[in-house]
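Summary of the model geometry
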Amino acid sequence: MAAGNRHEPTRTACSESQFSLMEFMRDFPDDASCLEHLWRTRYAPDGEHAECPKCKQERVFRRYATAQGRQSWCCTGCGHHLHPTAGTIFHKSSTSLHLWYFAIYMMTSTRCGVSAKMLEREIGVSYKTAWRMLRLIRTELMADDGEPLRGDVEADEASVDGKPRKRQGEHPQIRLGPSRRSEAAKLRERSRATVFAAVERGGRIKATVLPSRHGPHLRKQLIEWVEPESIIITDEWPAYGGLDQHFISHSRINHSAGWYVQGDTHTNTVEGFFGHLKPSIKGTYRRVSHRWLQGYLNEFVWRRNARYSDTSMFVALIERAAT
Ligand SMILES: [Zn+2]
């Protein structure tokens, strides 16, 4: 191997990475480069010409230094200002755009999630700020795209340990005396959330938190997610009964009889997702509150769906941030 330029490290061809930290530092070295990226992606591909909403035509825009340090470009025809951050998750945020971009980079470079504590340490913001940034990235940029699933679709539900909200007057510590056993069991049950997921074989996945694992909830969600011309594959859980009325066919694998794969009938793909999700949540976030669980699901679903794309996850996510 020929010696490379040590001052300009490049990604080796065999690396799995599509966008390395070195490339991030080269392309987005400061706040101005992130603002410029947003400006070009949203309004002016060449950095100069943009459609002026006031003049109703393409105009040349310039960036003038203002006393307030405005992050905007000004129309040379009418003086109208365009703010590249308006309408994005960065709008009115006092956190530098550079830190936002790096937080997005971190979210796309991990496979097991980023905790607010870790982001707080990495970028030097308060815990509250780090938490808010991650929440916005998860709920705004990583939300489901609404595109239905089709083909062979596996569905399954799982329990994820979480933190239930305390009921008023409830003692935080449950004493495990004989009279309190049933209460402890109830609390344990309440602390678990039902997560439901459906995945196209060889394709995209969707996941959501459901109020229960009973039939009506599961059926309603599947009908909403999956096109009727699809084949549904589930386990033998009785709540999945009656799905053949809504889809071309419904195959079931009888796990309790010791069957896990019968030809094409298996739910290994969706179980693989849970097999990654559950230990990751435990390892990275310990326990997550039911209230925010959907955000964490969005994050894992988004990364899984983006991994097959030719575009790097980081570029895909900053492009979404700029829409
Ligand atoms: Zn104008």
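Residues numbered from 1 in each chain as written. Predicted model: local features only at pLDDT ≥ 70, side-chain atom pairs only at ≥ 80, totals over all residues. Heavy atoms only, no water.

1. A closer look at the overall build of the protein
Looking only at helices and strands, the protein has 10 helices and 10 strands in total. Overall, the protein is about 70 × 55 × 50 Å in size when its C-alpha atoms are taken along their principal axes. Burial status across the protein gives 41% buried among its 323 residues. Within the protein, contacts between residues separated by at least 24 positions form 59% of all contacts whose residues are at least 6 apart in sequence. Of the accessible surface of the protein, which amounts to about 18,200 Å², a share of 50% is contributed by carbon and sulfur atoms. Charged side chains in the protein number 47 positive and 37 negative. The centres of these two groups are separated by 10 Å. (Helix = DSSP H or I, 4+ residues; strand = E, 2+ residues; numbered from the N terminus. Buried < 20%, exposed > 50% of the residue type's maximum accessible area, 1.4 Å probe, protein only. Contact = heavy atoms within 4.5 Å. Areas by Shrake-Rupley, 256 points an atom, 1.4 Å probe, with all protein chains shown as cover. Lys, Arg positive; Asp, Glu negative; His and termini not counted. Charge placed at Lys NZ, Arg CZ, Asp CG, Glu CD.)

2. Some thoughts on the sheet that holds strand 4 (residues 81-82)
One open sheet holds the 4 strands; their spatial order is 1-2-3-4, and the pairing between them is antiparallel. Edge positions in the sheet fall to strand 1 (49-52) and strand 4, since each has one partner strand and no second. Taken together, the 2 bridges between strand 3 (residues 73-75) and strand 4 define a ladder with antiparallel strand orientation. Counterpart to C74 in the pairing with strand 4 is H81. Of the strands in this sheet, strand 1, strand 2 (57-62), strand 3 and strand 4 are in contact with helix 2 (residues 31-42), which crosses strand 3 at around 40 degrees. (Pairing = 2+ DSSP bridges. Axes fitted to C-alpha atoms, helices over the stretch in contact; angles between N-to-C directions.)

3. Re the pattern of salt bridges
Taken as a whole and judged by the stated rule, the model has 13 salt bridges. Of the charged contacts in the structure, one is a salt bridge between D145 and K206, with a shortest N-O distance of 3.9 Å. Of this pair, D145 sits in the loop between helix 5 (127-141) and strand 5 (152-163) while K206 is found in strand 7 (residues 205-210), placing the two residues 61 residues apart along the sequence. Its relative accessible area of 3% is what places K206 among the buried residues. It is possible to trace a salt-bridge network through shared partners that takes in R138, E299 and R303. (Salt bridge = Lys/Arg side-chain N within 4 Å of Asp/Glu carboxyl O.)

4. Observations concerning the coordination of the zinc ion
Looking at the zinc ion, one finds its protein donor set to be C52 (SG), C55 (SG), C75 (SG) and C78 (SG), positioned 2.2 to 2.4 Å from the metal centre. In this structure, the zinc ion is surrounded by 4 donor atoms whose angles at the metal cover 102 to 115 degrees, and the resulting shape is tetrahedral. Mapping the donors of the zinc ion onto the primary sequence gives the spacing C-x2-C-x19-C-x2-C. Of the two residues, C55 is situated in the loop between strand 1 and strand 2 and C75 in strand 3; the sequence distance between them amounts to 20 residues. C75 shares its class with C55; the two are buried. (Donors = N, O, S within 2.8 Å, 3.2 Å for Na, K, Ca; no water. Tetrahedral: all angles 85-135°; square planar, octahedral: opposite > 155°, others 65-115°.)

5. Observations regarding the state of the cysteines
Scanning the model with the defined rule gives 0 disulfides in all. With no disulfide of its own, C74 has C75 as its nearest cysteine by sulfur position, at a separation of 6.8 Å. (Disulfide = S-S within 2.5 Å.)

It is worth stressing that arrangement in space is one thing and function is another; only the former is reported here.
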